[in-house]
Amino acid sequence: MKVTIADYGVGNLHSVKKAFEKNGAAVRVAADMKDLLNSDCIVFPGVGAFDSTMGKLLCYKEDIKERLLSGVPALGICIGAQILFDSSEEGSSAGIGAFGGRIVKLSAERIPHMGWNTVTTADRLMDGINRREFYFAHSYRGSADNPNNIIGTTEYGGETFPSFFRVANTYGTQFHPEKSSVSGLALIKNFIAFAEENA
């Protein structure tokens, strides 16, 4: 499986790239967002702010959205998942819009949310993962218009929030699988198998 990681100038590309390579994927890092339009599988990595992340993507926004909704396998991680929504309270830029809805600020007692928490889900990407604790680092989270697009939740600081999303063959994780040890690598392995089936 050839995986294209979007390099839009923010995020932790190295750890994401290594996590996919450890699971046998051939990885291409694309600094030109036009390259996403002919990719078999796309990864949107993430640590960063909404507007700066969208900066390099805006001119290809509609084309990327069309590709995602047509079924191209994709994974958005943290801010890489948030930019797949329509907009964000964190900034003024439009998002890609594959996930209908908006990014809102966490209402938990303490933010940012940083640390390990459980993801409650029955999705197939968790098959074989008994310990479903993953690493989080964020102050905002997705609010999906369609509840069917929410496939997992997490409880933190008195708030239960959506932390795992899917539309077509595009997944979004508010958590960081590439920073989540054995469980995170297992999820990436499952995603690669899923992408191979659906490429």
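Residues numbered from 1 in each chain as written. Predicted model: local features only at pLDDT ≥ 70, side-chain atom pairs only at ≥ 80, totals over all residues. Heavy atoms only, no water.

Here aspartate 145 shows up in the loop between β10 (140–144) and β11 (150–156). Given the relative accessible area of 61%, aspartate 145 is considered exposed. As a C-alpha pair, aspartate 145 and leucine 75 span 70 residues in sequence and 19 Å in three-dimensional space. Apart from the residues lying within four places of it in its own chain, the contact partners of aspartate 145 are Asp86, Gly100 and Gly101. Looking at aspartate 145, its side chain comes within polar contact range of the main-chain nitrogen of glycine 101, at 3.3 Å. (Helix = DSSP H or I, 4+ residues; strand = E, 2+ residues; numbered from the N terminus. Buried < 20%, exposed > 50% of the residue type's maximum accessible area, 1.4 Å probe, protein only. Contact = heavy atoms within 4.5 Å. Polar contact = N/O pair within 3.5 Å; in protein donor to acceptor, adjacent residues only side chain to side chain.)

For helix α1 (residues 13–22), every residue scored as buried is listed here: Leu13, Val16, Ala19 and Phe20. Viewed end-on, α1 has its buried residues packed into an arc of 135°, placing them on one side of the element. Exposed residues pointing more than 90 degrees away from the buried face of α1 are listed as His14 and Lys22. Its buried side turned inward, α1 meets β1 (2–6), β2 (26–30), β3 (42–44), β4 (74–77) and α5 (181–198). Remark: glycine 24 follows α1 within two positions and exhibits a positive phi of approximately 90°. (Arc of directions from axis to C-beta.)

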